[in-house]
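Breakdown of the fold
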Amino acid sequence: MAGKTVEVAQFHLIEGTDEDAFLEASDAMQSEFLKNAEGFLDRELIKGEFDQWMDIIHWNSLTEAEEAAREALDHPACLGFFEMIDEISMTMMYLQQMREYQQVH
């Protein structure tokens, strides 16, 4: 039985984008949109080598993830975040969690 929906966006920032400004835009999207979005569970923004970024969001369901994605296209806090992303570099996918493992102490 499938669990949560995992939204994964992989991208680069537009050349010349100030990383601190991008992180502030991410914080604004989180506090002004995502934290109140139906079905939102948690989010992780990570950065790897060669300025590769991933935004990983867990949702209760694919339906809720897709609805939030539609609503984000018109939300000012989300648009501020999106405008710093190089669209050509972006790959986005929705995956179904099949298992969840946690460290037991």
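Above this text you will find the structure in question.
Residues numbered from 1 in each chain as written. Predicted model: local features only at pLDDT ≥ 70, side-chain atom pairs only at ≥ 80, totals over all residues. Heavy atoms only, no water.

1. With respect to the pairing of strand S2 (residues 40-47)
Note the following rule: Pairing between strands is defined by DSSP: at least two bridges between the two strands are required. Helix and strand definitions follow DSSP, with helices as H or I runs of at least four residues and strands as E runs of at least two, each counted in order from the N terminus.
Here 7 bridges tie S2 to strand S3 (residues 53-59), and the two strands are oriented antiparallel to one another. Bridge pairing in S3 links Leu45 to Asp55. Where S2 folds back onto S3 in an antiparallel hairpin, the turn is made up of 5 residues, including Phe50, whose phi is positive at roughly 55°.

2. Examining the pattern of salt bridges
Our working definition: Each reported salt bridge corresponds to a side-chain nitrogen of Lys or Arg within 4 Å of a carboxyl oxygen of Asp or Glu. Here's how the labels work: a residue is buried when its accessible area is under 20% of the maximum for its type, exposed when over 50%, partly exposed in between, all with a 1.4 Å probe on protein chains only.
The final tally for this structure, using the stated rule, is 5 salt bridges. One salt bridge connects Glu19 with Lys47, and the closest N-O pair in it is separated by 2.6 Å. Pair noted here: Glu19 is in helix H1 (residues 19-32) and Lys47 is in strand S2, with a separation of 28 residues, a long-range link. Its salt-bridge partner being Arg70, residue Glu67 comes within 2.9 Å of it at the nearest N-O pair. With Glu67 and Arg70 both in helix H2 (residues 62-72) and 3 residues apart, the pair spans about one turn of that helix. Glu67 gets classed as partly exposed once you look at its relative accessible area, which sits at 36%. One salt-bridge network, held together by shared partners, links Glu19, Lys47 and Asp51.

3. Some words on the sheet that holds S2
Worth spelling out the cut-off: Helix axes are fitted to C-alpha atoms over the stretch in contact, other axes to C-alpha atoms as well, and angles between N-to-C directions run from 0 to 180 degrees. Two residues form a contact once any of their heavy atoms are found within 4.5 Å.
Read across the sheet, 4 strands follow the order S2-S3-S1-S4 without closing on themselves; strand pairing throughout is antiparallel. Here the strands that pair on one side only, and so sit at the sheet edges, are S2 and strand S4 (91-96). Going across the sheet, the axis of each strand differs from the next one's by a mean of 15°, ignoring polarity. Lying on the sheet, H1 is in contact with strand S1 (5-11), S2 and S3; it crosses S2 at an angle near 175°. On the sheet, H2 packs against S1, S3 and S4 and is oriented at approximately 155° with respect to S4.

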